[in-house]
Amino acid sequence: AQVLQSLWLYTDDTPVKNRGHAPGTTDKGRFWVYIGDRTHRYNVFDFTVNRKRDGPQTFLADFHGYLHADAFSGYDALYLPSPRGPTAPIIEVACNAHARRKFYEARGSDDLRAHLALAYYAQLYELERAATRVGLDDEGRRRMRQDVSVSILNTFHAWLVAERDQVLPKSPMAEAIGYTLNNWTALTRYTEAGFLSIDNNVAERDARLAVVGRKNFYGSGSEWSGQLAATMYSVLKTVKLWRLNARTWLSAYLQACADNGNRAPPDINAFLPW
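Residues numbered from 1 in each chain as written. Predicted model: local features only at pLDDT ≥ 70, side-chain atom pairs only at ≥ 80, totals over all residues. Heavy atoms only, no water.

Some details on the side chain of Thr48
Turning to step 1, where the next piece is worked out: Within the secondary structure, Thr48 is located in strand S3 (residues 43-48).
Turning to step 2, where the next piece is worked out: Only 2.9 Å separates the side chain of Thr48 from the side chain of Trp32, close enough to count as a polar contact.
Turning to step 3, where the next piece is worked out: When near neighbours in sequence (up to four residues on either side) are disregarded, Thr48 contacts Gly29, Arg30, Trp32 and Gly55. (Helix = DSSP H or I, 4+ residues; strand = E, 2+ residues; numbered from the N terminus. Polar contact = N/O pair within 3.5 Å; in protein donor to acceptor, adjacent residues only side chain to side chain. Contact = heavy atoms within 4.5 Å.)

What about the side chain of Asn96?
Turning to step 1, where the next piece is worked out: Checked against the element boundaries, Asn96 lands in helix H2 (residues 96-105).
Turning to step 2, where the next piece is worked out: Dropping the residues within four chain positions of it, Asn96 is found in contact with Tyr121, Tyr125, Leu187, Tyr190, Ile198 and Asp199.

Quick look at helix H8 (residues 223-241)
Turning to step 1, where the next piece is worked out: End to end, H8 covers 27 Å across 19 residues, agreeing with the expected 27 Å (1.5 Å per residue, within 8%).
Turning to step 2, where the next piece is worked out: Considered for burial, the residues of H8 that qualify are Ser225, Gly226, Ala229, Ala230, Tyr233, Ser234, Lys237, Thr238 and Val239.
Turning to step 3, where the next piece is worked out: Arg243 sits one or two residues past H8 and shows a positive phi near 60°. (Expected span 1.5 Å × (residues − 1). Buried < 20%, exposed > 50% of the residue type's maximum accessible area, 1.4 Å probe, protein only.)

Observations regarding the packing of aromatic side chains
Turning to step 1, where the next piece is worked out: With the rule as written, the count across this model stands at 17 aromatic pairs.
Turning to step 2, where the next piece is worked out: Ring plane angle 55° and centroid distance 5.1 Å describe the contact between Phe31 and Phe47, whose orientation is recorded as tilted. Of this pair, Phe31 sits in strand S2 (residues 26-36) while Phe47 sits in strand S3, and the two are 16 residues apart along the sequence. Like Phe31, the residue Phe47 is buried in the burial classification. (Phe/Tyr/Trp six-rings, centres within 6.5 Å; stacked < 30°, edge-to-face > 60°.)

Here we look at the nonpolar core
The nonpolar side chains of a soluble globular protein tend to be buried with one another.
Turning to step 1, where the next piece is worked out: Residues Phe103, Phe156 and Leu160 are the most contacted members of the largest nonpolar core, which totals 38 residues.
Turning to step 2, where the next piece is worked out: Among the elements that make up this core, the one with the highest residue count is helix H3 (residues 111-133) (9 residues).
Turning to step 3, where the next piece is worked out: With near-sequence residues (within four places) excluded, Phe156 lies in contact with Phe103, Ala117, Tyr120, Tyr121 and Trp184. (Core = buried A, V, L, I, M, F, W, Y, C linked by side-chain atoms within 4.5 Å.)

Observations concerning the packing of H3 against helix H4 (residues 138-164)
Packed helix pairs are characterised by how far apart their axes lie and by the angle those axes make with each other.
Turning to step 1, where the next piece is worked out: Across the interface, H3 lies against H4 with an axial gap of 11 Å and an inter-helix angle of 175°. On the basis of their axis angle, the class for H3 and H4 is roughly antiparallel. Residue-level inspection shows Arg113, Leu116, Ala117, Tyr120, Tyr121, Gln123, Leu124, Leu127, Glu128, Ala131 and Thr132 of H3 in contact with H4, the latter providing Arg141, Met144, Arg145, Val148, Ser149, Ile152, Leu153, Thr155, Phe156, Trp159 and Glu163.
Turning to step 2, where the next piece is worked out: Along the lines of polarity and charge, the residues of the contact of H3 with H4 split into 13 nonpolar, 4 polar and 5 charged. (Axes fitted to C-alpha atoms, helices over the stretch in contact; angles between N-to-C directions. Parallel < 35°, antiparallel > 145°, perpendicular 65-115°, else oblique. Nonpolar A, V, L, I, M, F, W, Y, C, P; charged D, E, K, R; others polar.)

Quick word on the packing of H4 against helix H5 (residues 172-182)
Turning to step 1, where the next piece is worked out: Between H4 and H5, the shortest axis-to-axis distance is 10 Å and the interhelical angle comes to 130°. On the basis of the axis angle, H4 is oblique to H5. The way H4 lies across H5 gives a crossing that is left-handed. Here H4 contributes His157, Leu160, Val161, Glu163 and Arg164 to the contact with H5, which in turn contributes Ile177, Thr180 and Leu181.
Turning to step 2, where the next piece is worked out: Here the contact of H4 with H5 is composed, by residue class, of 4 nonpolar, 2 polar and 2 charged. (Left-handed = near helix turned anticlockwise from the far one by under 90°.)

Topic: H5
Turning to step 1, where the next piece is worked out: Buried residues of H5: Met173, Ala174, Ala176, Ile177, Tyr179, Thr180 and Leu181, and no others.
Turning to step 2, where the next piece is worked out: Tucked into the core, H5 has its buried residues touching H2, H3, H4 and helix H6 (184-187).

Comments concerning the environment of Ser109
Turning to step 1, where the next piece is worked out: Here Ser109 is to be found in the loop between H2 and H3.
Turning to step 2, where the next piece is worked out: The spatial distance from the C-alpha of Ser109 to the C-alpha of Met173 is 7.7 Å, given a sequence separation of 64 residues.

This is the structure in structure tokens:
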């Protein structure tokens, strides 16, 4: 874990059958989705029965590097300096898609300001798409961000500061501006390195696997079944991350289990995607 350059994290709620209370009641469980960088192609789902920071706090106890995540307050403790050193082992990279979404949602009450903010984001995202189209490597993308994106971000920041006192304090636009300014350092950190991402969409997309499951079978029957689901999601999503056919892979493993009969199951190491 300590050699990872960056990691993506996203969370999603799921109902969990409550065995200690009235029949039919549920607790709120949580799937935590972790995705490694391009040299560590793993996709890991973790499951806990609450949204406290206990999940990532435990899971990332030995992690050092950049963490792409939304600005959930429960993550704040992850970024504190280590008692054993002067710097924080985990560096926050916030999600610009979350910030952009707030301006998009403010269109109905403040159309002009919302579209100006969205125009700034349109420029930033077009630069990222252009860098991908021309095949810039990490160093080329970093230089592009430093030379062009930082200038746009500085202009955007000045506009946000100027507009902050011009909007109604409780309005959607005030919320969007406040969110963006409060998380500005983390939102602009992606410009420091070419391997960092402008947003957390890659993890948010993978979290949909748990969402689809929740819609199909409502929730988890217990904490144990939530952990079992997390294990299956982890294996199958990692298989797909390695560009293998998940159905073919799973069929091959289940067939190997059947061939073994009553003997011990086949060695899982022989079936790992890599």
